[in-house]
Amino acid sequence: MQTWLMKSEPEEASIDDLQRLGRLPWVGVRNYQARNFMRDAFQLGDRVLFYHSSCAQPGIAGIARVASGAYADPTQFDPSNPYFDPKSKPEAPRWLLVDVAFERKTTLLPLSEMRLQPELATMALLQRGSRLSITPVSDSEWAFLAQRLT
DNA sequence: GCCAACGTTGGC
DNA sequence: GCCAACGTTGGC
């Protein structure tokens with residue numbers, strides 16, 4: 001089983017929202033590399049580290065699971081939605097999503113602390129200039145993180 | 001609000 | 001297919 005880190009702005013969808021709803025369609029991915037991870041590499045039951053971005057305390061806020069295969073993100077077809085993509089056609093959807101299911105909250109592991117850990121220096125999230133909203137987490141990175149996510 | 005870094009677009 | 005211009009991300 002693989003572990004992934006997925007970024008979400010808590011103002012839009014926080015770990016508390018996921019806890020309340022139990023399950024969420026991960027709408028709004030508009031990057032081909034991130035889409036391809038969901039389409040080609042995600043497996044049902046894969047672990048998801050739920051990361052809060054663009055907020056006062058960026059960091060890992062909880063753990064979730066991949067709860068569906070990839071399917072068309074409906075927001076790309078809705079002209080009133082901020083994620084609307086006029087170039088995407090229903091017969092050939094450009095953007096996909098997966099459902100994500102709540103597992104548990106963790107005490108927030110701040111980005112600033114993650115940066116201090118040599119064991120995490122290889123994380124895709126921490127690489128210079130990395131902006132990708134979905135990144136893989138290696139087994140050794142997860143093993144280290146698991147001890148700190150309480 | 002700033003700005004570095006990156007991805008996408010579109011003219012050629 | 002190149003690459004400059006532009007838009008976006010996201011930490012600070």
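Described below are features of the structure shown in this document. The shown structure was predicted, so the numbers you read here are calculated from the model rather than taken from an experiment.

### Quick notes on the overall build of chain A
(1) Moving on: Regarding its fold elements, chain A presents 4 helices and 8 strands.
(2) Moving on: Its helices and strands taken in sequence order, chain A reads β-α-β-α-β-β-β-β-β-α-β-α from the N to the C terminus.
(3) Moving on: Computed over the C-alpha atoms, the radius of gyration of chain A is 15 Å, within 12% of the 15 Å expected from 2.2 N^0.38 for a compact globule of 150 residues.
(4) Moving on: Along the first, second and third principal axes, the C-alpha atoms of chain A reach 45 × 30 × 30 Å.
(5) Moving on: Residues classed as buried in chain A amount to 45% of the 150 residues present.
(6) Moving on: Put simply, chain A shows about 7,900 Å² of open surface, and 51% of that area lies on carbon and sulfur atoms.
(7) Moving on: Side-chain charges in chain A split into 17 positive and 17 negative, and the spacing between the mean points of these groups amounts to 3 Å.

### Points about the protein's contact with DNA strand C
(1) Moving on: Around DNA strand C lies a shell formed by Lys 7, Tyr 51, Ser 53, Ser 54, Pro 58, Leu 111 and Arg 131.
(2) Moving on: Backbone atoms, meaning sugar plus phosphate, form 71% of the atoms of DNA strand C positioned within 4 Å of the protein.
(3) Moving on: One of the side-chain N or O atoms of Lys 7 is found 2.9 Å from a phosphate oxygen in DNA strand C.
(4) Moving on: Here a phosphate oxygen of DNA strand C and a side-chain polar atom of Tyr 51 are 2.9 Å apart.
(5) Moving on: Its residues placed into classes, the surface near DNA strand C shows 3 nonpolar, 2 polar and 2 charged.

Conventions and cut-offs
Once a new chain begins, its residue numbering starts again from 1 and follows that chain's sequence as written. Just so you know, chain letters begin at A and ligand numbers begin at 1, following the order they were written in. Note on the predicted model: pLDDT of at least 70 is required for a residue's local features to be given, and 80 or more for side-chain atom pairs to be given and counted; whole-chain, interface and lining totals, by contrast, use all residues. Hydrogen atoms and water are omitted, and side-chain values are computed over all heavy atoms in the structure. The way it works is that DSSP assigns letters per residue, a run of H or I at least four long becomes a helix, a run of E at least two long becomes a strand, and they are numbered from the N terminus. As a reference, a globule follows 2.2 Å times the number of residues to the power 0.38, and the radius of gyration itself is taken over C-alpha atoms. Remark: exposure states derive from per-residue accessible area (1.4 Å probe, protein chains only) relative to the maximum for the residue type, with buried under 20%, exposed over 50%, and partly exposed in between. Here the accessible surface of atoms and residues is derived via Shrake-Rupley with a 1.4 Å probe, and residues count as covered only by protein chains that are part of the display. Positive charges come from Lys and Arg, negative ones from Asp and Glu, while His and the chain ends are left out of the count. Here the site of a charge means atom NZ of a Lys, CZ of an Arg, CG of an Asp or CD of a Glu. In this text, near means that some heavy atom of the residue lies within 4 Å of the molecule or strand in question. Any N or O atom pair separated by 3.5 Å or less is treated as a polar contact, with the protein-specific requirement of one donor-capable and one acceptor-capable atom, and with residues adjacent in sequence counted only for side-chain atom pairs. All residues other than Ala, Val, Leu, Ile, Met, Phe, Trp, Tyr, Cys, Pro, Asp, Glu, Lys and Arg, Gly among them, are scored as polar; the first ten of these are nonpolar and the last four charged.

From the geometry alone we can't say anything about function, so treat these as descriptive.
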